[in-house]
Amino acid sequence: NIAWIRPGDPAWTTDAAFPAAAIGGVGFAEFLGDLYLGTHSSAATDAFIRKRTSATAAWSTVKSTDGSGGGQRLGPLIVTAAGTTILAWYNSVDGTGVLQRILSSTDGTTWVTDLDVVADLGAGYNVPGVPFLDSNGDIYWPIRKSDNTGFIKKRTSAGTWSTVDTIANLRGPLVALKKV
């Protein structure tokens, strides 16, 4: 379930239920005034990106994986510094193989491949890290295989991807400390 509570409320309020077989959320993001939630599934069913429209508080599915195997994932999510693009990790099994991509949308409805991870790094990078938005507008996204071989990909504010580091035993989130 998707639930919320405000300070002073005596109990949680259920806002919506997850679709069947979705086992959890893998990221929230506010984009164009609406709330987006990525989900994942361990069963042979699709994962979803769900949107909660601020005007009506209604939830709808705006993207789903196209596979039937286990391990479907749409998320984590991140919004660019300009607020004009939302990005989502996409992991799907469609019968021909595993598809691992980072998708992008400028309207929250139409999704395109921003980075084809399999074409860029090879197959097997099915563990997305939590992306990090730098103060200069660049996005850093850790990606690893189940054997912990990993890369850190960088997306510039202009939308260009590059590899900034290759790391063995890549684990955990990226953080930045500001020296004051």
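Check the entry above for the structure.
Definitions and cut-offs
Residues numbered from 1 in each chain as written. Predicted model: local features only at pLDDT ≥ 70, side-chain atom pairs only at ≥ 80, totals over all residues. Heavy atoms only, no water. Salt bridge = Lys/Arg side-chain N within 4 Å of Asp/Glu carboxyl O. Helix = DSSP H or I, 4+ residues; strand = E, 2+ residues; numbered from the N terminus. Buried < 20%, exposed > 50% of the residue type's maximum accessible area, 1.4 Å probe, protein only. Phe/Tyr/Trp six-rings, centres within 6.5 Å; stacked < 30°, edge-to-face > 60°. Core = buried A, V, L, I, M, F, W, Y, C linked by side-chain atoms within 4.5 Å. Contact = heavy atoms within 4.5 Å.

**Student:** Hey, could you run me through the pattern of salt bridges in this one?
**Tutor:** Side chains bearing opposite charge may pair, as long as their charged atoms lie close to each other. Under the counting rule described, the total for this entry stands at 6 salt bridges. Here aspartate 138 ties to lysine 154 by a salt bridge, and the two come within 3.6 Å at their closest N and O atoms. Taken as a pair, aspartate 138 in the loop between strand S12 (132-133) and strand S13 (139-144) and lysine 154 in strand S14 (residues 149-155) lie far apart in primary sequence, 16 residues in all. Under the relative-accessibility criterion, aspartate 138 is labelled buried at 7%.

**Student:** Can you help me understand the packing of aromatic side chains in this one?
**Tutor:** Given two aromatic rings, their pairing is described by the distance between the two centres and the angle made by the two planes. Tallying each qualifying case throughout the model produces 2 aromatic pairs. Relative to phenylalanine 151, the ring of tyrosine 125 lies with its centre 5.4 Å away and its plane at 65 degrees, an arrangement referred to as edge-to-face. With a gap of 26 residues between them, tyrosine 125 in the loop between helix H1 (117-121) and strand S11 (127-128) and phenylalanine 151 in strand S14 connect regions that are remote in the sequence. Given a relative accessible area of 4%, tyrosine 125 falls into the buried group. On the basis of relative accessible area, phenylalanine 151 is assigned to the buried category, the value being 15%.

**Student:** Got a minute to help me understand the nonpolar core in this structure?
**Tutor:** Soluble, globular proteins show a tendency: their nonpolar side chains are buried together. Judged by nonpolar contacts, the single largest core of 14 residues is most densely connected at Tyr36, Ile49, Leu77, Ile86 and Trp111. Among the elements of the structure, strand S3 (22-31), strand S7 (72-79), strand S8 (86-93) and strand S9 (98-105) are those that each provide at least two residues to this core. For isoleucine 86, the contacting residues outside a window of four places in its chain are Ala29, Phe31, Tyr36, Ile78, Val79, Leu103, Ser104, Ser105 and Trp111. By size, the runner-up hydrophobic cluster in this structure holds 13 residues, among which are Ile78, Trp89, Tyr125 and Trp141.

**Student:** Mind showing me how you'd approach unusual backbone geometry here?
**Tutor:** Across residues other than glycine, the phi torsion is negative in most instances, and most of the peptide bonds are trans. A cis amide bond links glycine 75 with the next residue in sequence, proline 76, at an omega value of 15 degrees. With a phi close to 50 degrees, leucine 32 is a non-glycine residue in the positive phi region. Positionally, leucine 32 belongs in the loop between S3 and strand S4 (34-41). Even without being a glycine, alanine 57 presents a positive backbone phi close to 65 degrees. Relative to the helices and strands, alanine 57 is located in the loop between strand S5 (48-52) and strand S6 (59-64). Residue classification places alanine 57 among the partly exposed residues on the basis of a relative accessible area of 34%.

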